[in-house]
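Below, each chain spelled out in residue letters.
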Amino acid sequence: MIIENAAPAREERLKAGIAFCGTCAQLQNRLGQKDNGCLYAVNRSFSQAHGCQFTLSLGILNTLRNAVVIMHGPVGCGFCSTANIGTNKNFKKLRDPSAGGIIWLSTNLDESDVIEGGEKKLRAAVLYADREFRPEAIVVASSCVPALIGDDVDSILENLERETAAELVPVNCEGFKTKLMATAYDAVYNGVLKKLTKYRERNVYLTESELSGKLWEYERERTVNVFNVGSMSRADELEIKRLLSALELKVNFLPCFSRPDDFRAALDAALNISVCGTHDDYYLKYIHKEFNIPYVIDTMPIGKKATARWLLKIAEHFGQVERARLLIQKEEAELEQALESYREILKGKRVYVSGGEVRIFVTAEVLTDLGMEIAGFKGHHIDEFVRPVMEGLPDIDDIYINIASQHPFEQVNIVKRLNPDLLVIHTGSGNITAKHGLPVLPLFGPGYNYMGYSGVFEIARRLRRIITNNQFNRNMQKYRPAPYRSEWYAKEPSAYIKDTGTK
Amino acid sequence: MSAIIDRPRFGCPLGGALGMIRALPRTVPIVHASTGCAYNIYVGMNSGAGYLGGGYCGATSTPSSNVVEKEIVFGGEERLREQIATTLEVMDGDLYVVLSGCMVEMIGDDAQSVTDNFKNAPNPVIYVSTPGFKGNSAYGYDVVLEALAKEYVSPRKRKKADKVNVFGLIPGGDVFYKGNLREIKRLLNLIGLEANTLIGEGETLADVKNSGDAALNVVLSDVYAPLAAAAYENIHNIPSLRTPLPIGYLQTERFLRLIGGHLGIEKEIIDKALKSEQNVYFDYFERISDSYNDIDFQRYGLVVADANYAPAITEFIADELGWLPHLTVVTDELTERQQELLNKRFNNYASGVKTHIRYDSNTASVRRHLSGSWERNCNHRYYDSFSPAVVFGSVFERELAEELQAPLLTVSFPITNRVVFNRGYAGTSGGLAFAEDTFGLLVAGR
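Model, not experiment: these values are computed from the prediction.

Enumeration over the complete set of coordinates arrives at 34 aromatic pairs over all chains. Plain terms: the ring middles of A:Phe91 and A:Phe257 are 6.2 Å apart, the flat faces sit at 80° to each other, and that makes the pair edge-to-face. One end of the pair, A:Phe91, is in helix H4 (residues 85-95); the other, A:Phe257, is in the loop between strand E8 (250-254) and helix H12 (262-265), with 166 residues separating them in the sequence. The pair formed by A:Phe91 and A:Phe257 is uniform in burial state, with each residue classed as buried. Pairwise contacts between aromatic rings join B:Phe176, B:Tyr292, B:Phe297, B:Tyr309, B:Phe316, B:Trp323, B:Phe392, B:Tyr425, B:Phe434 and B:Phe439 into one cluster. In this structure, A:Arg462 packs its charged tip against the face of A:Tyr448, placed 3.5 Å from the ring centre.

Residue and element names in this part refer to chain A. For chain A, the domain assignment lists domain 1 (10-14 + 53-177 + 179-195) and domain 2 (324-498). Using only C-alpha atoms to locate each centre, domain 1 and domain 2 end up separated by 33 Å. With 5 residues of domain 1 in contact, the opposing surface of domain 2 contributes 6 residues. For the pair domain 1 and domain 2, the summed buried area comes to about 440 Å², and 72% of that belongs to carbon and sulfur atoms. Between the two partners, domain 1 and domain 2, sit 0 salt bridges. Partitioning the side of domain 1 that touches domain 2 into residue classes produces 4 nonpolar, no polar and 1 charged.

Quick look at unusual backbone geometry now. It is generally the case that most residues other than glycine have a negative phi and that most peptide bonds are trans. Looking along the chain, the bond that leaves A:Leu254 and enters A:Pro255 is cis, with omega of -10°. In this chain, B:Phe413 is followed by B:Pro414 through a cis amide linkage whose omega measures 0°. The residue A:Cys38 is not glycine, and still its phi comes out positive at about 55°.

A few words on the environment of A:Leu441. Residue and element names in this part refer to chain A. Within the element layout of this structure, Leu441 appears in strand E15 (residues 440-442). Take Leu441: its relative accessible area is 2%, and that puts it in the buried class. It is 7.7 Å that separates the C-alpha atoms of Leu441 and Arg462, two residues lying 21 residues apart in sequence. What Leu441 contacts, discounting residues up to four positions off in sequence, is Leu423, Val424, Ile425, Ile459, Arg462, Leu463 and Ile466.

Applying the stated criterion across every chain yields a total of 68 salt bridges over all chains. Note that A:Glu331 and A:Arg242 form a salt bridge whose closest N and O atoms lie 2.9 Å from each other. With A:Glu331 in helix H15 (residues 321-346) and A:Arg242 in helix H11 (residues 234-245), the pair connects residues that are 89 residues apart, well separated along the chain. According to the relative accessible area criterion, A:Glu331 is buried, its value standing at 12%. We note a salt bridge from B:Asp437 to B:Arg418, for which the minimum N-O separation is 3.0 Å.

The next thing to look at is the environment of A:Ile18. All names here are of chain A. Mapped onto the elements of the fold, Ile18 is located in the loop between helix H1 (10-13) and strand E1 (19-23). Along the backbone, Ile18 and Cys52 are 34 residues apart, and their C-alpha atoms lie at a distance of 13 Å. With residues near it in sequence (within four places) discarded, Ile18 still touches Leu39, Val42, Arg44, Lys179, Leu180, His380, His381, Ile403, Ala404 and Ser405.

Contacts between the two partners involve 70 residues from chain A, matched on the other side by 73 residues from chain B. Together chain A and chain B conceal approximately 5600 Å² of surface at their shared face, both sides included; 59% is due to carbon and sulfur atoms. If you sort the residues of chain A by the area they bury against chain B, A:Phe79, A:Phe176 and A:Arg485 come out on top, with a joint share of 13%. Viewed at the interface, chain B and chain A are joined by 6 salt bridges. Seen at the junction of chain A and chain B, the total is 36 residue pairs in polar contact (both at pLDDT 80 or more). Only H4, strand E4 (104-106), helix H5 (111-116), helix H6 (119-133), helix H7 (144-149), helix H18 (408-418) and helix H19 (430-434) of chain A provide two or more residues apiece to the side of chain A that touches chain B. The dominant element in the side of chain A that touches chain B, judged by the number of residues it contributes, is H6(A), at 6 residues. Across the side of chain A that touches chain B, the residue classes break down as 34 nonpolar, 23 polar and 13 charged. As paired elements, E4(A) and strand E1 (residues 5-6) of chain B share 2 bridges and run antiparallel to each other. Considered in E1(B), the bridge of A:Leu105 is made with B:Asp6.

Criteria and thresholds
Residues numbered from 1 in each chain as written. Chains lettered and ligands numbered in written order. Predicted model: local features only at pLDDT ≥ 70, side-chain atom pairs only at ≥ 80, totals over all residues. Heavy atoms only, no water. Phe/Tyr/Trp six-rings, centres within 6.5 Å; stacked < 30°, edge-to-face > 60°. Helix = DSSP H or I, 4+ residues; strand = E, 2+ residues; numbered from the N terminus. Buried < 20%, exposed > 50% of the residue type's maximum accessible area, 1.4 Å probe, protein only. Lys NZ or Arg CZ within 6 Å of the ring centre and 35° of its normal. Domains from an automatic or database assignment. Contact = heavy atoms within 4.5 Å. Buried area = accessible area lost by both parts, 1.4 Å probe. Salt bridge = Lys/Arg side-chain N within 4 Å of Asp/Glu carboxyl O. Nonpolar A, V, L, I, M, F, W, Y, C, P; charged D, E, K, R; others polar. Polar contact = N/O pair within 3.5 Å; in protein donor to acceptor, adjacent residues only side chain to side chain. Pairing = 2+ DSSP bridges.

Right, here's the structure in full:
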């Protein structure tokens, strides 16, 4: 199977969309039509800033241990990494106490490079990274400028390979290529496929017994790779590991916080498991075809229902369904007891949930299970991976859903109409969200547990804490105005969506 | 030609521009660029500038044309026209500033003429060209202020003899800009001047608009804001006086005497102001003198900071803390002429001590410059080590500081390990805050 030079944009590959206003039933209807009802073609006449595939690629690349990332572009590209200096080091240390902080270089392209090309500086940066830091891998993330001036990064790196000790990984992730930042996952995996996904030589000893070979084989047949996401915490991983260990499976976590060599080691596994359909299909489908490792891409193990569904899918593969059922039964019973005291205070509260398409629906299941009502949804984008999770939620047909990559202007309008009691939000629009004056629970956080059974308890525990005192945001609402004209609130939230497709 | 940078401590022109607009009240940016540009800048600036936040209209509220392949191929002017028109409908601002990113500049969008179509809008809309490949955030800050001077500031023939404008601190790039401006304003008030710091506490767009009647622009930097200073000189006939950012009493005294002398303020007024500052200032300093001498609070200093902070901090720790600054790394991209200018700031210390000065933007270089200037330990029995020391830098210096077993005070972008509100290090109040934070590190374990 040929690896493309760059991963295609998701609006083309998956017909994914970023703009919609309507009910869940209307959205499902639209998704049922040919090409997802042409949602990919819908745009806005007023838009606001959100991440691009470059910034989101860094969300994964900056977590890699023992790697240096080169931002190939003008000096501002990758500036966002500043936010990861301390946090990523700490998160890496949870996986390896000796891990170092993140190191990145900028090729700092200027006006003359725009004319002459960025090759010279890219070469200098790669050699500097190799000599100065001796990393296992040097990842070159290419931004808009080298893509437009036509730098052939893959060939430049190919030619440099003999001069460096590090593996050189091109990640072609220029922002202007796609309006769907989730294309980043494919862009990163595209680079990983090109350079890091190779069979590793197994050390076979001259005196190796038949038994040790069999043991290795036995272990391989019970090893699974769980494809984590940057929004997961170590606590999430440990919970997943706990559950899968109960099925006697050995678990590797990739790609976040792994070492470059881990991608090779991961080819000795029996099953690849995604925790979120939005992330991994590009990679897992390729690995399936090329290395014959089957995969599970289904739901996200958040909430009782989704976690059970996710575990059973995995158990099915290993013929362990009965065992998994018992495990689920026991876990749910224990959790039920633990949640009892939280239900009372959370009951009947109306909540608006916004963030990634899969995550909002599985989180909604947790919230409704706790007795809360869903006031509305906002999904950052929409594609086929939402189907299994939407199916899992009954009674959502009439609930309002907005598809918007951030775009807080639509959020303020909708939240005002829906008038919820609290918000569960994706990172990035905090200062506007604060001005609703409502309690806010982040939809995810790399420092907190949301997944598995312990995750449900943690969400409940935090919700109770957060609704107990909301004074901070109330003050923000009272004293700091949002930047939107009052006329805007009178308009329909869809006023700036240019929908030329079928309804 | 610029060089590659190992962990840059500044952003692109669009970044500097957005930082400046973030600092202007009720000003709405309209970014004409690829999708991720404004968000990338927000994420970096929020965390690196001590959790500055998006403010009124930043972060994901930033209006942005989010150009993609289609516009790159067919041109983005129509998209920009649409975005400006809708922004004026949705966003509530008193001033709108269109900023351009790399892509739209490379494909040749004429953002100026598109913006000119909105001349009759109820509130002004101006355009500033800020492509990333044109420099760094210092340039972006400068070019926005230049545009304001050209297109927004009201022309005034008559100048107020006692009014000065103050600029030269890059909002966000200088994490303490707001606290610093407050202090500079206070100090200038002490010698009878009305100081307009444009983006300080309580100041509004009206202050920017009315900055044309100042007698003098005080530029608190040897290198930043050349275009803005020139625009004020050429268009508004306001000359500039460049002065380094003063930290601590000694530098403040020099600062006030320089400005006062320049504007012909009576010596008695300045003396009186300084006398009063001196009393307040050294009263606090006296507090620490007990422990300073009882415990020995003298340290070696390693300073890694931008062109504004590096000279000021180095002099402060030498001449006020009585320490031994050994190495100062200035992290901006500077021309040779600018370097020569800065070199002079490290001369003639009252203490007579000298530091090694290096100009280098690469983070890994700091360690190299230290080991190149301080004799290494070759298993000497009597090794004279670089210890005890304190590192003044950014969070990039954390690992080096740990290695040196020296405390780190983060003073220069990026500062992700502190929350900074109105703290400032400029002037006498800032000198006290600096000393407080520094000595605070030495007693932290007590």
